[in-house]
Amino acid sequence: MRALIKTLLGALLGLAIGLSVCWFAGESPFTVLKVLLKSGFGTWYDFGMTLFYTSPLILTGLAVSLPLKAGLFNIGAEGQLTIGAIAAACAGAWGEQLGIHQPLAAFLFATAAAFGGGALWGLIPGVLKAKRGSHEVITTIMLNFVAAGVSSYIALYLIKDPASSNAETILVPELFQLKPFSFLDGAPVGPLFFGLI
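Residues numbered from 1 in each chain as written. Predicted model: local features only at pLDDT ≥ 70, side-chain atom pairs only at ≥ 80, totals over all residues. Heavy atoms only, no water.

**Considerations on the overall build of the protein**
Part 1: In terms of helices and strands, the protein carries six helices and zero strands.
Part 2: Element order for the protein, N to C, with α for helix and β for strand: α-α-α-α-α-α.
Part 3: Along the three orthogonal principal directions, the C-alpha set of the protein runs to about 55 × 50 × 40 Å.
Part 4: Out of the 197 residues in the protein, the part that is buried amounts to 25%.
Part 5: A separation threshold of at least 6 residues defines the contact pool for the protein, and within that pool the share at least 24 residues apart is 57%.
Part 6: For the protein, the accessible surface area stands at approximately 13,300 Å², while carbon and sulfur atoms represent 72% of it.
Part 7: Counting 10 positive and 9 negative side-chain charges, the protein places the averaged centre of each group 17 Å from the other. (Helix = DSSP H or I, 4+ residues; strand = E, 2+ residues; numbered from the N terminus. Buried < 20%, exposed > 50% of the residue type's maximum accessible area, 1.4 Å probe, protein only. Contact = heavy atoms within 4.5 Å. Areas by Shrake-Rupley, 256 points an atom, 1.4 Å probe, with all protein chains shown as cover. Lys, Arg positive; Asp, Glu negative; His and termini not counted. Charge placed at Lys NZ, Arg CZ, Asp CG, Glu CD.)

Structure below.
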């Protein structure tokens, strides 16, 4: 209960500071708060997009807070998320060629690829810390940039759409796409977000 109160007080303090900055900049804090609430929760679509954009941040925050409880400072959660995402994209792009044709198998394969990619990326600074004594803050910060480069290479050269001159990957087959909830009016939030698969 105490942690919940601290979290709420922190959120209210951050909101108050942000609205104060708006006031000093010459904007009405009430107008800014109204726009903030309306754009985040005004319609079911807005609420779905809020969930869509905040869920990776929440999960990445957990990837930082859990090691922090163990006395480690994992700054590399961004890189681990990036590698996990590109691993899931590769699983979707190559899954049918590997003989995966069932929805449950596709879901499990893509999920395992995402978890495995992120975990392997986190293993690098873990091994460096355990074997060489390298500080995890330095190695994980540097690996964030390496992850961005690796994922860009994979997206532009290994799973790029050959029919497009744009920098985009091939379309992931429908079998590997999670269907969004209809009541969110097209926002890309599906059962996986709520743990219903």
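That shown, we press on.
**Some points on the packing of aromatic side chains**
The relation between two aromatic rings is expressed through the spacing of the ring centres and the mutual angle of the planes.
Part 1: This model, assessed by the stated rule, comprises seven aromatic pairs.
Part 2: For the pair Phe41 and Phe47, a centre-to-centre distance of 6.2 Å together with 35° between the ring planes defines the contact as tilted.
Part 3: Assessed through its relative accessible area of 51%, Phe41 is described here as exposed.
Part 4: Taking 5.4 Å as the distance between ring centres and 90° as the angle between the ring planes, the aromatic pair formed by Trp44 and Phe183 counts as edge-to-face. Of this pair, Trp44 sits in helix H3 (residues 44-69) while Phe183 sits in the segment after helix H6 (136-158); the two residues are 139 residues apart in sequence, bridging distant segments of the chain.
Part 5: Exposure remark for Phe183: the relative accessible area of 41% places this residue in the partly exposed category.
Part 6: By way of ring pairs, the aromatic residues Phe41, Trp44, Phe47, Phe181 and Phe183 are connected into one cluster. (Phe/Tyr/Trp six-rings, centres within 6.5 Å; stacked < 30°, edge-to-face > 60°.)

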